[in-house]
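Analysis of the macromolecular model
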Amino acid sequence: MAQWNAYYHNDDEEEEQEDGEQFRDYKVTGRDSLVFLVDASKEMFVKGEDGQPSNFDLSMQVVRSVYTSKIISSHRDLMALVFYGTEQSKNPSNSFKHVYVYHNLDEPGAKRVQEVDALQGEKGARLMEKTMGSGETSLGDALWCCANLYSDIKLRLSFKRLMIFTCRDEPHGGDTAKDRQARTKASDLKETGVFIDLMHLMKPGGFDVSTFFCDIISPDSEGELGLQLEPCGKLEDLKKRVRAKEQKKRAMSRLNLSLGEGLNLAVGIYAMAVPAKIPGSVKLYRETNKQVHSKPQTFDTQTGRLLLPSEIKKAQVYGKKQIVMERDEVDSIKKFEDPGLYLIGFKPIKMLKIHHHIRPAVFIYPEENMVKGSSCLFSALLTKCSEKDVFALCRCILRRNCPPRFAALVPQKEELDEGKVQITAPGFHLIYLPYADDIRTLDPPQFPSASQIPVDKMKQIVSKLRFKYRSDAFENPAIQKHFRNLEALALDMMAPEDVEDLIMPKVDQINQRLGPLAEEFKDLVYPANYNPESKPTTKRKSDEKKARVEVSEEELRAHVQNGTLGKLTVPVLKEACKKMGFRTTGTKKQELIDALIDHLEQHSR
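So, how was this worked out
- Throughout, residues of each chain are indexed from 1 in the direction in which the sequence is written.
- Since the coordinates come from a predicted model, pLDDT governs what is reported: local features require at least 70, and pairs of side-chain atoms require 80 or more to be given and counted, while whole-chain, interface and lining totals use all residues.
- Computation of side-chain values covers all heavy atoms of the structure but excludes hydrogens and water.
- UniProt positions are given in the numbering used here, feature names are shortened, and annotations may be inferred rather than shown by experiment.
- By definition, any uninterrupted DSSP run of H or I lasting at least four residues is a helix, any uninterrupted run of E lasting at least two residues is a strand, and each is numbered from the N terminus.
- Each residue is assigned to one of three classes by its accessible area relative to the maximum for its type, calculated with a 1.4 Å probe on protein chains only: buried under 20%, partly exposed between the two thresholds, exposed over 50%.
- In what follows, residue pairs with any heavy atoms lying within 4.5 Å of each other are defined as contacts.
- Note on areas: Shrake-Rupley with a 1.4 Å probe; residue coverage comes only from the protein chains shown.
- Nonpolar cores were defined as sets of buried Ala, Val, Leu, Ile, Met, Phe, Trp, Tyr and Cys residues, with membership established by side-chain atoms within 4.5 Å.
- Per-residue confidence from the predictor is given as pLDDT, running between 0 and 100.
- For two strands to pair, DSSP has to find at least two bridges joining them.
- Note on method: axes are straight lines fitted to C-alpha atoms, helices fitted across the in-contact stretch only, with angles between N-to-C directions ranging 0 to 180 degrees.
- Salt bridge, as applied in this entry: a Lys or Arg side-chain nitrogen positioned within 4 Å of an Asp or Glu carboxyl oxygen.
- Note that the term roughly parallel is reserved for angles under 35 degrees, roughly antiparallel for angles over 145, roughly perpendicular for angles of 65 to 115, and oblique for everything else.
- Two helices cross in a left-handed way if the nearer one is turned anticlockwise from the farther one by less than a right angle. They cross in a right-handed way if the turn is clockwise.
- Gly is placed with the polar residues, together with every amino acid not listed as nonpolar (Ala, Val, Leu, Ile, Met, Phe, Trp, Tyr, Cys and Pro) or charged (Asp, Glu, Lys and Arg).
- Helix span, as expected, comes to 1.5 Å for every residue beyond the first.
- Along the arc lie the directions from the helix axis toward the C-beta atoms.
- A patch consists of residues exposed above 30% relative accessible area that lack any salt bridge, with like charges linked at up to 9 Å and nonpolar side chains (Val, Leu, Ile, Met, Phe, Trp, Tyr) linked at up to 5 Å.
- By the counting rule applied here, Lys and Arg register as positive and Asp and Glu as negative, while His and the ends of each chain are not counted.
- Taken as the charge centre is NZ of Lys, CZ of Arg, CG of Asp or CD of Glu, depending on the residue.
- Pairing of aromatic rings covers Phe, Tyr and Trp, the last through its six-membered ring, and needs centres within 6.5 Å; plane angles under 30 degrees mean stacked, over 60 mean edge-to-face, and all others mean tilted.
- Cation placement over rings: the criterion is NZ of Lys or CZ of Arg within 6 Å of the ring centroid and within 35° of the ring normal.

If you look the protein up in an unreviewed UniProt entry, it shows as DNA helicase from Takifugu rubripes. In the Sequence similarities (unreviewed entry) part of its UniProt record, the protein is described as follows: "Belongs to the ku70 family."

So this is what it looks like as structure tokens:
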């Protein structure tokens, strides 16, 4: 059975590779895990100015947001919620005081979202005071408890992350023994592959990271954001910072970038934007309501016998002959060279035109784990290309059995916003260049040119309606409605939340910006009393029908003898069949030709 599964799995992979236009999903080697370690001290429940939510409410809203997003994007990831600095204790064997494990490491679900909702607001503060309370703080014990949560998981974890939410820069109040214990346990966690991040919140007098937490968090070894010095005071800023940290960046492919003979570095290929889609339906077995998994198998059409892999061949018709090839022969024909990027030279960026963009670009970043020194060499190449304003021209082979393409590596520098959050990452955009036959020459229809007066008026209209476009400012209303309905169903809501269609034009703002410009343009272009909303008059259909071409029986026999019956069109062949008094159920041209030949042969006998 293992051989059958392996064979058919490889066959599916080959069909995907034949497409050659899209990347296959990354190979999953384990599950991601995320532990929220939230401070439950009294300082966290102090409300902000002007009735702003407390730091604890901000933390719970972010936890809920990550829970719901994980349910949609990757429901198999493991998540946990742990409070430290509590009066009550709840953890395995209750061996750690003032540590309350609210959620163990497990897959997120609707019940967990409801439990997090119960901790928000005034009712949530009273529930926290009743069930957990606020007591002494020992961050070392909390980190030790989180380490035990990871060790108790028997599943394979591909990535482990721990996020600390607190507004206290000195959680132990100057207790050097507890500080030393926390630093030691944080070091042990980092050695086991756990990344520790700090999501520090606003406090009176400011949050000084250098006093304690700079030794707790993980270094910026992934090329990510590292430690942010400024604390978060707004929900959107905190969500943005958590969103940038909580998901592991996965490479769709890892290739060698050859800069010359004997000079190679490793790079990973990443998709900067992926279209959001509604998940497909899942087939369930009617009696047990369990998911049904399909497995393709190949049978002989004549005998119905299951074919073995060695009995399946591939064929290509060439010169009216069927050429049968083995699977190894097909693979060798498709293979051009080993996958990788091969540097050809450099060209000025101004030579790269807009019409050269024929498919979505990808982003490449160095992979230090594959080839040591890749980051240093990659950084030097990026710096020089940016200084000289050039792009690198490469020959690109993305996967095995994938045809080679020419690609341009366009440099991009790192950019940070006011909150020191990374907007654009440093690296190269890989843009696929077209071949000569990919670009078509079109002959656009000729229309009369407009005069300069309406052109100037339209320029004023366009300048008034311009705005700064951001892709994240527009959500797909159909997808949002789909997941809102699922959320309402899972959380037992009375009705789903309303979805605002951000794609619809804001007519009031448009009219306010334009003022009288729209009417002035309409008066210049359209004739008097013109109503663009009126329906155009439909033309009457002509009663005349196209004359049908009729072919006599003698002409048909002559076509059969000369072998030119296939030159007649399908309507002519159908009309000839009706004229001879018989009908054919086939609509294909070859079926009509065969029926005519059989009919003529029978009548000639």
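What follows deals with the overall build of the protein. The helix and strand tally for the protein stands at 16 helices and 16 strands. Out of the 605 residues in the protein, the part that is buried amounts to 34%. Across the protein, every contact between residues at least 6 apart in sequence was considered, and the portion connecting residues at least 24 apart equals 69%. Carbon and sulfur atoms form 51% of the exposed surface of the protein, whose accessible area is close to 40000 Å².

Attention now moves to the nonpolar core. If you look at the biggest cluster of nonpolar residues, it comprises 32 residues, and the most contacted ones within it are Leu37, Leu139, Leu162 and Phe213. Elements represented by at least two residues in this core include exactly β1 (31-39), β2 (78-84), β3 (99-106), α5 (139-151), β4 (157-166), α6 (176-191) and β5 (194-200). The element that contributes the greatest number of residues to this core is α5, accounting for 8 residues. Beyond its immediate chain neighbours, meaning those up to four positions away, Leu37 contacts Val82, Tyr84, Leu139, Ala142, Leu143, Cys146, Leu162, Met163, Ile164 and Phe165. Residues Phe36, Phe56, Tyr100 and Met199 belong to the second largest nonpolar core, which totals 26 residues.

This part takes up the confidence of the model for the protein. Confidence along the protein averages 81 in pLDDT terms, with 86% of residues attaining 70 or more. Ignoring residues within four places in sequence, the model shows residues 221-227, a span with pLDDT below 50, making 22 contacts including any to other chains.

The next thing to look at is unusual backbone geometry. Even without glycine at this site, Lys320 takes up a positive phi of about 60°. With respect to the element layout, Lys320 can be found in the loop between β8 (314-318) and β9 (321-325). On the basis of relative accessible area, Lys320 is assigned to the exposed category, the value being 85%. The backbone of Asp389 sits at a positive phi, close to 60°, despite the residue not being glycine.

Pairing within the closed barrel is mixed, and its 7 strands lie in the order β6-β7-β11-β16-β13-β12-β10. Each strand of the sheet is rotated relative to its neighbour by a mean of 40°, with strand direction disregarded. Examined bridge by bridge, strand β13 (residues 405-412) and strand β16 (residues 427-432) share 6 bridges and lie antiparallel to one another. Bridged to Pro411 within β16 is Phe428.

Where charged atoms of side chains with opposite charge meet at close range, the side chains can pair. One pass over the structure, following the stated rule, counts 15 salt bridges. A salt bridge links Arg305 to Glu311, with the nearest nitrogen and oxygen atoms 3.3 Å apart. Residue Glu311 is classed as partly exposed on the basis of its relative accessible area of 34%.

The next subject is the environment of Phe378. Position of Phe378 relative to the elements: it lies in helix α9 (residues 374-388). You can call Phe378 buried: its relative accessible area is 3%. Taking the C-alpha atoms as reference, Phe378 lies 6.4 Å from Pro366; in sequence the two are 12 residues apart. Sequence-distant contacts of Phe378, defined by excluding residues within four places in its chain, comprise Leu265, Val267, Ile364, Tyr365, Pro366, Gly427 and Phe428.

Moving on to the packing of helix α10 (residues 452-465) against helix α12 (residues 507-514). It is the contact of α10 with α12, at a shortest axis distance of 9 Å, that shows an interaxial angle of 130°. Comparing the axis directions of α10 and α12 gives the class oblique. Note that α10 runs across α12; the crossing there is right-handed. Contact residues: α10 offers Ile461, Lys464 and Leu465, while α12 offers Ile510, Arg513 and Leu514. Residue composition of the contact of α10 with α12, grouped by class: 4 nonpolar, no polar and 2 charged.

When the terminal C-alpha atoms of α10 are compared, their 20 Å separation across 14 residues agrees well with the 20 Å that a helix rising 1.5 Å per residue should span. Those residues of α10 not exposed but buried are Pro454, Lys457 and Ile461. Down the axis, α10 shows its buried residues gathered within 60° of arc, on one side only. Of the surrounding elements, those touching the buried residues of α10 are α12 and α13 (517-525).

Right, let's talk about a negative patch on the surface for a bit. Taken together, the side chains of Glu591, Asp594, Asp598 and Glu601 present a region of like negative charge at the surface. For Asp594, the position within the fold is in helix α16 (residues 589-604). Taking relative accessible area as the criterion, Asp594 reaches 35% and is therefore assigned partly exposed.

Here we come to the sheet that holds β5. Ordered by their spatial adjacency, 5 strands build an open sheet running β3-β2-β1-β4-β5, and the pairing between neighbours is mixed. Each edge of the open sheet is held by one strand with a lone partner, namely β3 and β5. Within this sheet the neighbouring strands show an average axis-to-axis angle of 15°, counted without direction. Taken strand by strand, α5 contacts β1, β2, β3, β4 and β5, and its axis lies near 25° from that of β3.

Enumeration over the complete set of coordinates arrives at 13 aromatic pairs. Here a set of aromatic residues connected by ring pairs shows up, and it is made of Phe45, Phe56, Phe83 and Tyr102. Its guanidinium or amino end placed over the ring of Tyr150, Lys160 lies 5.8 Å from that ring's centre, counting from NZ or CZ. Arg359 extends its terminal NZ or CZ atom over the ring of Tyr432, reaching a point 4.0 Å from the ring centre.

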